Amino acid sequence: MEILQPPGWARPRGYANGIAASGRMVCVSGMIGWDGQGVFHTDDFAGQVRQALLNIVAVLAEADARPEHIVRMTWYVVDKNEYVGAYKEIGRAYREIIGAHYPAMTAVQVAALVEERAKVEIEVTAMVP
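1. Section: the sheet that holds strand 3 (residues 24-31)
Thought 1: Taken in spatial order, the four strands line up as 3-6-4-5 in an open sheet, and their pairing is mixed. Each edge of the sheet is formed by a strand with only one pairing partner; in this case those strands are strand 3 and strand 5 (104-109). The mean inter-strand angle of the sheet, taken between neighbouring strand axes irrespective of direction, is 10°.
Thought 2: Here seven bridges tie strand 4 (residues 70-77) to strand 6 (residues 120-128), and the two strands are oriented antiparallel to one another. When the bridges of strand 6 are listed, Thr74 appears paired with Glu123.

Here it is, written out as structure tokens:
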């Protein structure tokens, strides 16, 4: 996996501008903050992020993939201000579950998610060497 960082560009914080990778592609559907049985345990934004990240790692494991194989993440958030306000807690959960691996990322505010209680949905593409 190669991090793509054009010369002279400021290094982004918490993500990469681009990633080049080869291997077996693993695509993970958008994961939300409920558990494997479809039960929400919190309405806290950072708590839902934590659960969504745990769900991603569980799905990746089914393909013998690990968090460091993630090349792209897309985050869909219902409330941009709630997302920004939870940066510190999100960062802690991210480092604990994903580690110090920062793939290409996009975060988008959306009007709503299909599941009424969901505050965030995260989809992932991974490349397993």
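2. Some thoughts on the nonpolar core
Thought 1: Among the nonpolar cores identified, the biggest contains 27 residues, and Leu53, Ile56, Met73, Trp75 and Ile122 are the most heavily contacted of them.
Thought 2: When contributions to this core are tallied by element, the ones reaching two or more residues are strand 3, helix 1 (45-61), strand 4, helix 3 (87-97) and strand 6.
Thought 3: Considering every element that reaches this core, the biggest residue donor is helix 1, with seven residues.
Thought 4: Every residue in contact with Ile122, bar those within four places of it in the chain, is listed here: Ser29, Gly30, Met31, Ala52, Leu53, Ile56, Met73, Thr74 and Trp75.

3. Quick look at helix 3
Thought 1: Every buried residue of helix 3 is accounted for by Ile90, Gly91, Ala93, Tyr94 and Ile97. Buried residues of helix 3, seen end-on, are gathered within an arc of 170° and therefore sit on one face of the element. What points out from helix 3, more than 90 degrees from its buried face, is the exposed set Lys88 and Glu96.
Thought 2: Contact partners of the buried residues in helix 3: helix 1, strand 4, helix 2 (80-85) and strand 5.
Thought 3: Looking one or two residues beyond helix 3, the residue adopting positive phi is Gly99, at roughly 100°.

4. Re a positive patch on the surface
Thought 1: A contiguous patch of positive charge, built from Arg13, Lys88, Arg92 and Arg95, is present on the exposed surface.
Thought 2: Among the residues examined, Arg95 registers a relative accessible area of 48% and is labelled partly exposed.

5. Some points on the pairing of strand 6
Thought 1: Strand direction decides the pairing type here: strand 3 and strand 6, joined by six bridges, are antiparallel. Across the sheet, residue Met31 finds its bridge partner in strand 6, namely Ile122.

6. Observations regarding the side chain of Asp35
Thought 1: Within the element layout of this structure, Asp35 appears in the loop between strand 3 and helix 1.
Thought 2: Only 2.9 Å separates the side chain of Asp35 from the backbone nitrogen of Gln37, close enough to count as a polar contact.
Thought 3: Residues in contact with Asp35, not counting those within four places in the same chain, are His41, Gln51 and Asn55.

Criteria and thresholds
- Residues numbered from 1 in each chain as written.
- Predicted model: local features only at pLDDT ≥ 70, side-chain atom pairs only at ≥ 80, totals over all residues.
- Heavy atoms only, no water.
- Pairing = 2+ DSSP bridges.
- Helix = DSSP H or I, 4+ residues; strand = E, 2+ residues; numbered from the N terminus.
- Axes fitted to C-alpha atoms, helices over the stretch in contact; angles between N-to-C directions.
- Core = buried A, V, L, I, M, F, W, Y, C linked by side-chain atoms within 4.5 Å.
- Buried < 20%, exposed > 50% of the residue type's maximum accessible area, 1.4 Å probe, protein only.
- Contact = heavy atoms within 4.5 Å.
- Arc of directions from axis to C-beta.
- Patch = residues over 30% accessible without salt bridge, like charges linked within 9 Å, V, L, I, M, F, W, Y side chains within 5 Å.
- Areas by Shrake-Rupley, 256 points an atom, 1.4 Å probe, with all protein chains shown as cover.
- Salt bridge = Lys/Arg side-chain N within 4 Å of Asp/Glu carboxyl O.
- Lys, Arg positive; Asp, Glu negative; His and termini not counted.
- Charge placed at Lys NZ, Arg CZ, Asp CG, Glu CD.
- Polar contact = N/O pair within 3.5 Å; in protein donor to acceptor, adjacent residues only side chain to side chain.

Worth remembering: the numbers are spatial, not functional.
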